[in-house]
Amino acid sequence: MLGRGGVELHPPGYPHRAECLFGDVEEAITLHRAALELRPPGHPERLSSVQELACCLSDRYVNLGIISDMEESTTLASSALDLCLLPGHPGRGVALDAYAFGLSNRFKELAAVRDLTEAFDHHWVALELHPSGHPERSSSLLGLALCFSHRFDHQGTFSDLDTAITLGRMALELRPPGHPGRGPSLSNLAFDFWRRFKEQGKILDVVLLMRSFDLHRAALELRPHGHPHRSSSLHGLALCFLSRYDNRGVVADLEEAITFGRAALELCPPGRHDHGAFLHSLAHSLRRRLEGQTATHDLDEAIGLYRVALALHPRAHPCRLSSLRELAFCHSARYNTQGEITDLEEAISFGRAALEFCPPGHHDRGVCLFNLAYCLWKRFKKQPATHDLDEAIELHKAALALRPSGHPDRRSSVCKLARCLSTRYDKQGAVADLEEGITLRREALELCPPGQRDRAIYLYDLADLLWERFKKQTTVHDLDEAIEMHRAALELHPSGHPDRFSSLHWLSHCLLARYCEQGVVADLEEAITLGRAVLELCVPGHRDRGVSLFNLAYFLWKRFEKQTTIHDLDEAIELHQAALDLRPSGHPDRLLSVRELGFCLSNRYDIQGVFADLEDVVMLGHTGVELHPPGHSHRATCLYTLSHGLWATFQRQALMPGSGRARFVRRVALTRRPTSHAHAASLFHALSLHLWDKFRKQSAIADLDEAICLATYALELRLPKHREYATTVGKLAVLVRERARRLIQGTNSNESVIWTSSG
C-alpha cells in the first residue's frame, strides 16, 4: 500500500513503512531520506533508497537549479554504484548510467573536463552491460549521446556532434510511442539536429532544421501543461523558429520564436538550471527583431535579459561566453542607434571578457577577435586614438589567420582589415598600409564574384585605394584600373540606384585626372558628360548639389583652357556662382568656391574686358584673402589673384579719359602684369605707395587703412632675404605709426579702424 494512507497504516518501526514514503518531489525527498535511515548499510533495499533519493534530488536540481542538490545527487549515485561492485550484479549497469548522468550534469555547471571523461567511461561500460534487447540499453545510448553533445559544445569538434546524432537516433528507435523515455530522446535528438544545422547553415541542410522541428513538436505533444519538461520543448521550438528566420528572413518565424521563447521562460522560474539559457535565447530573438528598426525597446529588453543570464552563468559555465558575446553585440548596436559612448565602452569591455574565454584553438576565437576589433575601430572613429586603430588591425589580422581560404567569414575579415589599414594610411601615410590594403581588397573582390549583391561595394573599395596610390606615386596603370573598377561598379548601379551618384562622381574624377596626365580629350568629354549626370541627380536641396556644381564648373573650365570656347567659361562661372550661393560664411568649401570663381571671372575679363567682371574679381580676391589666414597653404595664391585684379583695375584707370594726368596711375599702368608671387609683391608695394600719397593729399583714413593692408600683403610675399624686404618693413612701419598717431588724436574717430591681414 502506497501514499499517505499507507504511511498512516504503517507507524514508525513497522518493517514495510519505508515502501510507503512517497509523494511530490519536496515531500518525496523528505520521505526518501527517512526511508534511507531505516535502511542502514547491509539492508537489501538500501540500494533502491539511495537511487530514488538521488533521482529526486536530481529532479529538484533540474527544476530549481540548486547546486547542492546536484552535488548530493551525484554523491548518492556514486554510493549506489559502490553497492553494485560485485561482477554480475543486476543493477550495476543502471547504477553506472545514473552516476554518469550526475557527472554529466556537474560538467555542464562547472566545466570540469575530468567529470565528462569519467561520464564517458561509465556510459561505455554500462552499454556493454546492456546488450541489444536489454530494456536499459536506450538509457546508455542516450547518456553517451549527451556526453558527445556536451563535448561538442565545449570543444566544437563536429565529429562529436555527428556521433551524438547517431547515438540519439539509436536510443530513439528503442523508445517507440508509449515508452516513458521517448520524450527526452525526442528532445535531445532535436537539439542535436538544430546544432548541426546551425554549424552548417547551408540551404541544402534545411532538412536538419525540419527534423529538429518535427522532433521538438513530437516531444511537446508528450509534455502537456504541467509537465516539468514542457518548457524545454518550447525553448527548442523557439530556437528552431529563430534559425528558420535567419535562413529565410520570414518575420512570422521571428515572431513565433519570441512567442515560444516567452512561453518557455514563464515555465522556467529563476533558479532552474536552464533559466539562463532561456533568458539568453529570448534576448537573442528580441535583438534580431530590432535589426532594421529605429525603436530600441527590444534592444533594451534584450540587454536586460542577457545581463540576468550572465549573472546566472558563473565564470566556468559553458554558456557564459555566449552571454558576453551577445552583450557586447547589443551594446554596440545601441551605440549605433543612440551614440552613447558608454555603450561602446561596455561593448569593448564585454568583448575583451569574451575573448578571454576563447584561448588559441577555441572554435569561437575568430568571432571574438573580429567583434572586438570592430568595436575598437568604432571607438577610433569617435575618439581618434591611434592605439585603438593599431589594436583593431592586430585583432583583425589574428582573426583572418583563423579564417583560411574557403572559410565563410574570410571575406568579412579581409574587408574590415583593409578598411582599418586604409584608415591608418589616411592618418599616417605609411605606404605599407596602402599596399596591404590594395592586396586585401583584391582578394575581397575575388571572394565576391559577379552576380553577388555586394560586388559593387568591393569594386568601389578597390578603386578607392588604387586612386590613393595613383595620387601618391602617379602610376598611370593604377588610374586606368581604378577607372575600370568604377565603370564596372556603375554598371551595377543603374538609374534609380542610391549609389549611382557615387559611381558617377568618382568615375568623372578619375577620368579628369587621366586627362590631366595624358591630355586625351575624350576623357575630358566623358568627365563632363558624367558631371552633368551627377548634377541631374542632385536636385535643389540635395546635400551634394554644391559639390556637383563646383566639379562640373571645374571640368568645363578645363575644356575652356584647352579649346577657349567662351560658352564653357560662361557656364563654369554660372555654376561656380551657384555653388558659392550654397556655401555661406563658415562653410568649409567656401574659400575654394571663392578662389575658383575669381579665377574664372579673371579669365573672362581678360577676353571680354567687362569691368563688372573685374570688380567681382577684386571683391572675391579680398574675400579669398580673408578666408585664408596667414600660414594657409593657399594664401599666397589668393594674394596673387588679388594682385592681378588690382593690376587690371589700375590698367583700366590709366586708359580712362582724364586719368592721363595722374603720374602715379600711369606709372602703375607700366608695371608688369603679375606673373609670380614676387611680381605680386612689387605690385602691392607700388599700390600701397600710391594710396599713401593719396592719403597725404586728402587725409582719408580709408586710404591709409588700405595702404597698410597692401603693404602687409607685399611683406607676406617677400622672404626676409629679399633685397626689398627691409624697404617694405620700413614703409609699413611708417604707415602704422601714422595710423596710431591719428587714433591718438581722435581724428576721424567714426571711420574704419586698421584692417590688417591678421585681422
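From a predicted model like this one, the values you see are computed outputs, not experimental measurements.

### Thoughts on the overall build of the protein
Tallying secondary structure elements over the protein gives 33 helices and 0 strands in all. Summing over all exposed atoms, the protein offers an accessible surface of approximately 36200 Å²; the carbon and sulfur share of this is 55%.

### Quick look at unusual backbone geometry
Despite not being glycine, threonine 474 has its phi angle at roughly 50°, a positive value. Along the chain, the position of threonine 474 falls in the loop between helix H21 (455-473) and helix H22 (476-491). The partly exposed category is assigned to threonine 474, whose relative accessible area is 45%. A positive phi angle, close to 55°, is found at serine 699, a residue other than glycine. Mapping serine 699 onto the fold places it in the loop between helix H31 (677-698) and helix H32 (701-716).

### What about the packing of helix H17 (residues 365-382) against helix H19 (residues 410-428)?
Two elements in contact, H17 and H19, have axes separated by 11 Å at closest approach and are oriented at 30°. Taken together, the axes of H17 and H19 are roughly parallel relative to one another. When you trace H17 past H19, the crossing you get is left-handed. Residues Phe370, Tyr374, Trp377 and Phe380 of H17 form the contact with H19, whose participating residues are Ser412, Ser413, Lys416, Arg419, Cys420, Thr423 and Lys427.

### Considerations on H19
Taking 1.5 Å per residue as the helical rise, H19 with its 19 residues ought to reach 27 Å, and the 27 Å between its terminal C-alpha atoms agrees with that figure. Of all the residues in H19, the buried ones are Arg410, Ser413, Val414, Cys415, Leu417, Ala418, Cys420, Leu421, Ser422, Thr423, Arg424 and Tyr425. Buried residues in H19 make contact with H17, helix H18 (386-401), helix H20 (431-446) and H21. Two residues or fewer past H19, glycine 429 is found with a positive phi of approximately 75°.

### Section: the packing of helix H26 (residues 566-581) against helix H27 (residues 590-608)
At their nearest, the axes of H26 and H27 sit 9 Å apart, and the two run at 150° to each other. Regarding the angle of H26 to H27, the classification is roughly antiparallel. As H26 packs across H27, the resulting crossing turns out to be left-handed. Contact residues: H26 offers Ile566, Leu569, Asp570, Ile573, His576, Gln577, Ala579 and Leu580, while H27 offers Arg590, Ser593, Val594, Glu596, Leu597, Cys600, Leu601, Asn603, Arg604, Ile607 and Gln608. Taken together, the residues of the contact of H26 with H27 sort by class into 10 nonpolar, 5 polar and 4 charged.

### Points about H17
For H17, built from 18 residues, the straight-helix expectation of 26 Å at 1.5 Å per residue is met to within 8% by its first-to-last C-alpha distance of 26 Å. In this structure, the buried side of H17 is in contact with helix H15 (320-338), helix H16 (341-356), H18 and H19.

### A few points about the nonpolar core
Counting 124 residues, the largest nonpolar core has Leu215, Leu395, Leu440, Leu479, Met485 and Leu575 as its most contacted members. Looking at this core element by element, the count peaks at 9 residues for H17. Those residues in contact with leucine 395, other than ones at most four positions away along the chain, are Leu355, Leu369, Leu372, Ala373 and Leu376.

### Examining the side chain of serine 503
Position of serine 503 relative to the elements: it lies in helix H23 (residues 500-518). Serine 503 sits in the buried class, given a relative accessible area of 2%. For serine 503, the side chain forms a polar contact with the side chain of histidine 493, separated by 2.8 Å. Leave out the neighbours within four places in its chain, and serine 503 touches Ala489, Leu490 and His493.

### Here's the deal with the pattern of salt bridges
Oppositely charged side chains can form a pair if their charged atoms are brought close together. By the definition in use, this model includes 42 salt bridges. A salt bridge links lysine 397 to glutamate 436; its shortest N-O distance comes to 3.6 Å. A residue pair is termed long-range when its members are at least 10 positions apart, and lysine 397 in helix H18 and glutamate 436 in helix H20 qualify at 39 residues. Among the residues examined, lysine 397 registers a relative accessible area of 30% and is labelled partly exposed. The class of glutamate 436 is partly exposed, set by a relative accessible area of 28%. For lysine 558, the salt bridge is made with glutamate 561, and the minimal N-O distance between the two is 3.3 Å. In this pair, lysine 558 and glutamate 561 are both assigned in helix H25 (residues 545-563), 3 residues apart and thus about one turn of the helix distant. Taking relative accessible area as the criterion, lysine 558 reaches 12% and is therefore assigned buried.

### So, empty space enclosed by the protein
A complete count under the given rule lists 2 cavities of 30 Å³ or more for this structure. Reported here for the largest cavity is a volume of approximately 60 Å³. In terms of lining residues, the largest cavity is bounded by His505, Ser508, His509, Gly531, Val534, Val547, Ser548, Asn551, Leu552 and Phe555. Contributions of two or more residues to the lining of the largest cavity are made by H23, helix H24 (521-537) and H25. Broken down by element, the residue count for the lining of the largest cavity peaks at 5 residues, all from H25. When the residues that make up the lining of the largest cavity are grouped by side-chain class, the tally is 4 nonpolar, 6 polar and no charged. By volume, the second largest cavity is sized at about 50 Å³. Considering the residues around the second largest cavity, the lining is formed by Val594, Arg595, Gly598, Leu620, Gly621, Gly624, Cys638 and Thr641.

### Focus on the packing of aromatic side chains
Across all of its chains, the model carries 10 aromatic pairs by this definition. Between the aromatic rings of tryptophan 557 and phenylalanine 599, the centroid separation amounts to 5.3 Å while the plane-to-plane angle is 65°, which identifies the pairing as edge-to-face. Highlighted residues: tryptophan 557 in helix H25 and phenylalanine 599 in helix H27, separated in sequence by 42 residues. Taking relative accessible area as the criterion, tryptophan 557 reaches 10% and is therefore assigned buried. The ring of tryptophan 377 carries arginine 419 above its face, with NZ or CZ at 3.7 Å from the centroid.

### Quick notes on the side chain of serine 212
Among the secondary structure elements, serine 212 is positioned in helix H10 (residues 206-221). Only 2.7 Å separates the side chain of serine 212 from the backbone oxygen of alanine 190, close enough to count as a polar contact. Those residues within four positions of serine 212 in sequence are excluded, and the remaining contacts are Ala190, Phe193, Trp194 and Cys240.

### Details of the confidence of the model for the protein
On average, residues of the protein carry a pLDDT of 85, and 88% of them reach 70 or more. Within the model, pLDDT remains below 50 along residues 1-23, and this stretch shows 27 contacts once partners closer than five positions in the same chain are excluded.

### Describing the environment of methionine 485
Within the secondary structure layout, methionine 485 lies in helix H22. In this structure the C-alpha to C-alpha distance between methionine 485 and leucine 462, which are 23 residues apart in sequence, comes to 7.4 Å. Contacts of methionine 485, omitting those with residues within four sequence positions, involve Leu445, Leu459, Leu462, Ala463 and Leu466.

### A closer look at the environment of glycine 546
When you line up the elements, glycine 546 lands in helix H25. Here glycine 546 falls in the buried class, since its relative accessible area comes to 11%. For the pair glycine 546 and aspartate 581, spaced 35 residues apart in sequence, the C-alpha to C-alpha distance is 8.6 Å. Leave out the neighbours within four places in its chain, and glycine 546 touches Ala579, Leu582 and Arg583.

### Quick notes on the state of the cysteines
According to the stated counting rule, one finds 0 disulfides in the structure shown. Cysteine 358 provides the cysteine sulfur closest to cysteine 368, a residue in no disulfide bond, and the two sulfurs are 3.6 Å apart. Residue class for cysteine 368 comes out buried when judged on its relative accessible area of 3%.

Cut-offs applied
Residues numbered from 1 in each chain as written. Predicted model: local features only at pLDDT ≥ 70, side-chain atom pairs only at ≥ 80, totals over all residues. Heavy atoms only, no water. Helix = DSSP H or I, 4+ residues; strand = E, 2+ residues; numbered from the N terminus. Areas by Shrake-Rupley, 256 points an atom, 1.4 Å probe, with all protein chains shown as cover. Buried < 20%, exposed > 50% of the residue type's maximum accessible area, 1.4 Å probe, protein only. Axes fitted to C-alpha atoms, helices over the stretch in contact; angles between N-to-C directions. Parallel < 35°, antiparallel > 145°, perpendicular 65-115°, else oblique. Left-handed = near helix turned anticlockwise from the far one by under 90°. Contact = heavy atoms within 4.5 Å. Expected span 1.5 Å × (residues − 1). Nonpolar A, V, L, I, M, F, W, Y, C, P; charged D, E, K, R; others polar. Core = buried A, V, L, I, M, F, W, Y, C linked by side-chain atoms within 4.5 Å. Polar contact = N/O pair within 3.5 Å; in protein donor to acceptor, adjacent residues only side chain to side chain. Salt bridge = Lys/Arg side-chain N within 4 Å of Asp/Glu carboxyl O. 1 Å grid on protein atoms, 1.4 Å probe; cavity = no way out; pocket = protein on both sides within 12 Å on 5 of 7 lines; lining within 4 Å. Points joined across faces, edges and corners; volume = space filled by probe spheres on them. Phe/Tyr/Trp six-rings, centres within 6.5 Å; stacked < 30°, edge-to-face > 60°. Lys NZ or Arg CZ within 6 Å of the ring centre and 35° of its normal. pLDDT = per-residue confidence, 0-100. Disulfide = S-S within 2.5 Å.

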